[in-house]
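So you can see what is in the structure, the chains are spelled out below.
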Amino acid sequence: MTALSAQVLEEIRELPAKYPQSRSAVMPALDLAQEEMGHLTPEAMTEVAQALQLDPGYVEGVATFYSLFHLEPVGKHRFYVCTNLSCMLRGANEIVDHVRQAIGVSGSEQVSPDGLFSYEEVECLGACEYAPMMRLDHEYHYDLTTQTIDELITQRRSPTPLAPTLSPGGERVKKPRAPRKKKADG
Amino acid sequence: MAELRGSSGEAPNHILTRWFGTPDLHRLETYASKAGGYSAMRKALLDMAPADITNEVKTSGLRGRGGAGFATGTKWSFINRDAPGPKYVVVNADESEPGTAKDRYILENSPHMVVEGILIAAYAVGANQAWVYIRGEYDRPYRMLTEAIEEARAKGYIGPKPFGKEYPLDIRLYRGHGAYICGEETALLESLEGKRAQPRSRPPFPAVKGAWGRPTLLNNVETLATVPAILNMGGAEYAKLGTAKSPGTRLLTVSGNVRKPGVYEVELGKTFRHVIMELAGGPPEGRKVKVFWPGGSSAPVLPESMLDTTTDMEALAAARSMGGSGGVIVMDDTHCVVKAAHRLLKFYAYESCGKCTPCRVGGDWAVRTYERILAGQGSQVELDILQRVSDGLQNGRCLCGLGDSAGWVIDSTLRHFREEYEDHALRHECNVGAVMASA
Ligand SMILES: Cc1cc2nc3c(=O)[nH]c(=O)nc-3n(C[C@H](O)[C@H](O)[C@H](O)COP(=O)(O)O)c2cc1C
Ligand code: SF4
Ligand code: FES
């Protein structure tokens, strides 16, 4: 029994051919694994490594470097609130406080008790003219107010199924940012 | 799509943004019929020798819009077009410099302009394949670029015989995964090769040994998006815009405490007073500009008294700052410089790749020092530490520009706002009324 489905493993084995050198497939492969699992478990990373004929330690080293790979469970909907300077100057810290309170996380927690939401503060998302802003799942939201946050949360709590968040170009996309990476040691 | 905030429509200085706002500009048909799209590529492939294209870009005086401002035509000429084996164009669409949103603005408004620029560059330097490294959070720009590439492929502009010319061209996309350092060109190449994004030492330069060990031209999105316009209007005509050493126009992202934040196309040589007070409407009613970052968070700050500094690279260098990524962050007098510097140091400490010691250790040291100062526990010792850390980060002590940038934030805010630092560290007060112990 593998952590990843046979189909995903097959897709991963086909990736290296798309790149001038096979190693470039490691991140797209981790995307596929994360999409299936929600976050990257040690087993999933080992299976990715085997499928790509790489060392498991190497794959884990890559996964831990990049913040969009999740090594811990995340919520079904994920808030990424920008708190860098342009957003901070226009009230990002209040937005963060409001999101935390509205989804019910406290202290260093990042996932709501019901598992529906998780939240993270992130660095500049390249949409500073719309500050304060955030990414919710795969979509940007601009000119945030506490009211827009409440509306977005209510929509996602409502029992009517939402249209699935489409991945760009109909292609698979990575899930957002993981807990803080630890520094590299060279 | 969100409301367009910034330049669009016809104006003498709108070289890039002239057609922005045209409905469906992102479709090839509209880009071609309304904006004359792909006429520059046709001309390049059918009427020009590759060396002529590079020369035209040299004549234009275009300088890279990614951060360093290197002469684009000169960079193109570093690639040995006749060397056997694959060569690549790699497009830097990682845009993560705090305060910068202009590549997103281009990609969302006119993705074909980028595609056209990439294809021209590839032909000019003798590459058959281009890779766009785009930051992972840019879902919408990624989708729009993907669609534009598909449209160009369907037309044959991407494929074995673009415009009937025996010169195969291809563009592929590679998504980033959340790491500021991937914007640094050699870290980007490491990442593209499936590794942790830690900068390489140079030489060898990417022009000789770049992506997958092959000669590689690496340019920013805006740089390449400017190329079609240069071929259409002629390099000499483009060079008439802007200043002699910083010709042309560039996109400035104006954000922070202004009434009309947006991405404005500005002829180089205009003053920041024009950009901030006129284009972006200045700070909110009753407030004053206190400080601005003229080229992204990495560019040393300038105080209000230097608003008449001009936007060309020479004037900025003389003011001990730089044009950087064109991200103009404006902060008004209701905000605290020490807190802003603390926030940016947290960014640099978090994003350090950890490869060199001054950057890995210095960033965290600075953050902890700022925290003591903001908690009302500062003294002269803390101010001295900040200066020492800042010195240690600069002047080539680090492998890449991230270390310098972190140092510049400390150094430039200390230089221009010494008194505000002393208020905090020595007198334990904040003159804009923020609560000191809340840090
Ligand atoms: C820490 C760091 C981050 C950078 N981030 C970016 C970026 O996000 N986008 C970009 O185009 N250039 C960035 N640069 C500059 C690139 O290294 C490189 O100079 C540029 O992409 C070259 O393209 P150009 O000549 O067209 O400007 C960064 C540089 C450093 C040191
Ligand atoms: S300066 Fe910092 S980010 Fe750049 S290579 Fe050194 S440790 Fe990495
Ligand atoms: S600072 Fe928030 S999007 Fe740039």
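Some points on the overall build of chain A
(1) Moving on: Within chain A one finds seven helices and four strands.
(2) Moving on: Starting at the N terminus, the α and β elements of chain A follow one another as α-α-α-α-β-α-α-β-β-β-α.
(3) Moving on: Looking at chain A as a whole, 55% of its 186 residues qualify as buried.
(4) Moving on: Residue pairs in contact within chain A that sit at least 24 positions apart in sequence constitute 65% of those at least 6 positions apart.
(5) Moving on: Counting only carbon and sulfur atoms, one obtains 51% of the accessible surface of chain A, whose full area is about 8,200 Å².

Digging into unusual backbone geometry
(1) Moving on: The omega angle of the peptide bond from Ala131 of chain A to Pro132 of chain A is -5°, so this bond is cis rather than trans.
(2) Moving on: Take Pro132 of chain A: it is sitting in the loop between β2 (117–122) and β3 (134–136).
(3) Moving on: In the segment running from Arg202 of chain B into Pro203 of chain B, the intervening peptide bond is cis, with an omega of -5°.
(4) Moving on: Residue placement: Pro203 of chain B occurs in the loop between α8 (185–192) and β4 (216–220).
(5) Moving on: At Asp137 of chain A, a residue that is not glycine, the phi angle is positive and equals roughly 55°.
(6) Moving on: Counting through the fold element by element, Asp137 of chain A comes out in the loop between β3 and β4 (139–141).
(7) Moving on: With a relative accessible area of 2%, Asp137 of chain A lands in the buried category.

Let's talk about the packing of aromatic side chains
(1) Moving on: Tallied over the full model, the rule gives 22 aromatic pairs over all chains.
(2) Moving on: Feature note: the residues Tyr19 of chain A together with Tyr88, Trp131, Tyr133, Tyr174 and Trp212 of chain B constitute an aromatic cluster, connected by ring pairs.
(3) Moving on: The residue whose ring lies beneath Arg81 of chain B is Tyr123 of chain B, and the NZ or CZ to ring-centre distance is 5.4 Å.
(4) Moving on: In this structure, Arg135 of chain B is placed above the aromatic ring of Tyr138 of chain B, and the distance from its NZ or CZ to the ring centre is 5.5 Å.

A look at the side chain of Thr83 of chain A
(1) Moving on: Tracing the backbone through its elements, the reader meets Thr83 of chain A in the loop between β1 (77–82) and α5 (85–88).
(2) Moving on: When its relative accessible area of 5% is taken as the criterion, Thr83 of chain A is described as buried.
(3) Moving on: Other than its neighbours up to four places away in sequence, Thr83 of chain A contacts Met88, Ala92, Asn93, Val96, Glu121 and Val122 of chain A together with Arg343 of chain B.

Considering the nonpolar core
(1) Moving on: Within the largest apolar cluster, 86 residues are counted, with the highest numbers of intra-cluster contacts made by Ile12, Leu30, Val48 and Tyr66 of chain A together with Ile181 and Trp293 of chain B.
(2) Moving on: Per-element accounting of this core gives the leading share, nine residues, to helix α13 (residues 337–351) of chain B.
(3) Moving on: Those residues in contact with Trp293 of chain B that sit more than four places away from it in its chain are Leu85 of chain A together with Ala299, Val301, Gly327, Val328, Ile329, Met331, Ala340 and Leu344 of chain B.
(4) Moving on: Counting residues in hydrophobic clusters, the runner-up holds 77 residues, among them Leu125 of chain A together with Met113, Ala121 and Ala124 of chain B.

Description of the sheet that holds strand β2 (residues 129–134) of chain B
Residue and element names in this part refer to chain B.
(1) Moving on: What the four strands build is an open sheet, ordered β3-β2-β1-β4; its pairing is parallel. Since the sheet does not close on itself, it has two edges, and those belong to β3 (170–175) and β4, each with one partner. With strand direction ignored, the average angle separating the axes of adjacent strands in the sheet is 20°.
(2) Moving on: Across six bridges, the pairing between strand β1 (residues 88–93) and β2 is parallel.

So, the domain arrangement of chain B
Residue and element names in this part refer to chain B.
(1) Moving on: Looking at the assigned domains, one finds that chain B contains domain 1 (28–239), domain 2 (249–332) and domain 3 (337–425).
(2) Moving on: Using C-alpha coordinates to define each centre, domain 1 is positioned 27 Å away from domain 2.
(3) Moving on: Across the contact, 16 residues belong to domain 1 and 18 residues belong to domain 2.
(4) Moving on: Summed over both sides, the interface of domain 1 with domain 2 buries roughly 1,300 Å², with 51% coming from carbon and sulfur.
(5) Moving on: It is Arg65, Glu97 and Gly99 in domain 1 that bury the most area against domain 2; as a group they hold 32% of the surface buried on that side.
(6) Moving on: Scanning the region where domain 1 abuts domain 2 turns up one salt bridge.

With respect to empty space enclosed by the protein
(1) Moving on: Tallied over the entire structure, the rule returns five cavities of 30 Å³ or more.
(2) Moving on: Estimates place the volume of the largest cavity at around 120 Å³.
(3) Moving on: Residues that form the lining of the largest cavity fall into these classes: seven nonpolar, five polar and six charged.
(4) Moving on: Here the second largest cavity defines a volume of roughly 70 Å³.

Regarding the site of ligand 1
All names here are of chain B.
(1) Moving on: Every one of the 18 residues lining ligand 1 counts as a neighbour, but Gly66, Lys75, Asn219, Asn220 and Thr223 are closest to it.
(2) Moving on: Separating an oxygen atom of ligand 1 from a backbone N or O atom of Glu95 is a distance of 3.4 Å.
(3) Moving on: The fraction of the free accessible surface of ligand 1 (610 Å²) that becomes covered by protein chains is 89%.
(4) Moving on: Secondary structure elements with two or more residues in the shell around ligand 1: β4 and α16 (401–416).
(5) Moving on: Element by element, the count of residues in the shell around ligand 1 is highest for β4, at three residues.
(6) Moving on: Looking at side-chain class alone, the shell around ligand 1 contains three nonpolar, nine polar and six charged residues.

Comments concerning the site of ligand 2
Residue and element names in this part refer to chain B.
(1) Moving on: Around ligand 2, the structure places 13 residues, and the nearest of them are Cys353, Lys355, Cys356, Cys359 and Cys400.
(2) Moving on: Because more than half of its atoms lie within 2 Å of the grid, ligand 2 is assigned to the second largest cavity.
(3) Moving on: The class makeup of the residues in the shell around ligand 2 is nine nonpolar, three polar and one charged.

Regarding helix α5 (residues 102–109) of chain B
(1) Moving on: Within α5 of chain B, eight of the eight residues are buried, leaving the element largely enclosed by the surrounding structure.
(2) Moving on: For α5 of chain B, the complete set of buried residues consists of Lys102, Asp103, Arg104, Tyr105, Ile106, Leu107, Glu108 and Asn109 of chain B.

Quick notes on the sheet that holds strand β8 (residues 302–303) of chain B
Residue and element names in this part refer to chain B.
(1) Moving on: Pairing in this open sheet of five strands is mixed, and the strands run β6-β5-β9-β7-β8 from one edge to the other. Each having just a single partner strand, β6 (262–267) and β8 make up the two edges of the open sheet.
(2) Moving on: Note that strand β5 (residues 249–256) and strand β9 (residues 327–332) share four bridges and pair parallel. Paired with Val254 across the bridge in β9 is Val328.
(3) Moving on: Packing against the sheet, α5 makes contact with β5 and β6, and its axis sits at approximately 115° to β5.

Description of the interface of chain A and chain B
(1) Moving on: In this assembly, 52 residues from chain A lie in contact with 66 residues from chain B.
(2) Moving on: Together chain A and chain B conceal approximately 5,000 Å² of surface at their shared face, both sides included; 53% is due to carbon and sulfur atoms.
(3) Moving on: Here chain A is connected to chain B by four salt bridges.
(4) Moving on: Between Glu123 of chain A and Arg343 of chain B there is a salt bridge; the shortest N-O distance is 2.8 Å.
(5) Moving on: Applying the counting rule to chain A against chain B returns 29 residue pairs in polar contact (both at pLDDT 80 or more).

Conventions used here
- Residues numbered from 1 in each chain as written.
- Chains lettered and ligands numbered in written order.
- Predicted model: local features only at pLDDT ≥ 70, side-chain atom pairs only at ≥ 80, totals over all residues.
- Heavy atoms only, no water.
- Helix = DSSP H or I, 4+ residues; strand = E, 2+ residues; numbered from the N terminus.
- Buried < 20%, exposed > 50% of the residue type's maximum accessible area, 1.4 Å probe, protein only.
- Contact = heavy atoms within 4.5 Å.
- Areas by Shrake-Rupley, 256 points an atom, 1.4 Å probe, with all protein chains shown as cover.
- Phe/Tyr/Trp six-rings, centres within 6.5 Å; stacked < 30°, edge-to-face > 60°.
- Lys NZ or Arg CZ within 6 Å of the ring centre and 35° of its normal.
- Core = buried A, V, L, I, M, F, W, Y, C linked by side-chain atoms within 4.5 Å.
- Pairing = 2+ DSSP bridges.
- Axes fitted to C-alpha atoms, helices over the stretch in contact; angles between N-to-C directions.
- Domains from an automatic or database assignment.
- Buried area = accessible area lost by both parts, 1.4 Å probe.
- Salt bridge = Lys/Arg side-chain N within 4 Å of Asp/Glu carboxyl O.
- 1 Å grid on protein atoms, 1.4 Å probe; cavity = no way out; pocket = protein on both sides within 12 Å on 5 of 7 lines; lining within 4 Å.
- Points joined across faces, edges and corners; volume = space filled by probe spheres on them.
- Nonpolar A, V, L, I, M, F, W, Y, C, P; charged D, E, K, R; others polar.
- Near = heavy atom within 4 Å.
- Polar contact = N/O pair within 3.5 Å; in protein donor to acceptor, adjacent residues only side chain to side chain.
- Sits in = over half its atoms within 2 Å of the grid points.

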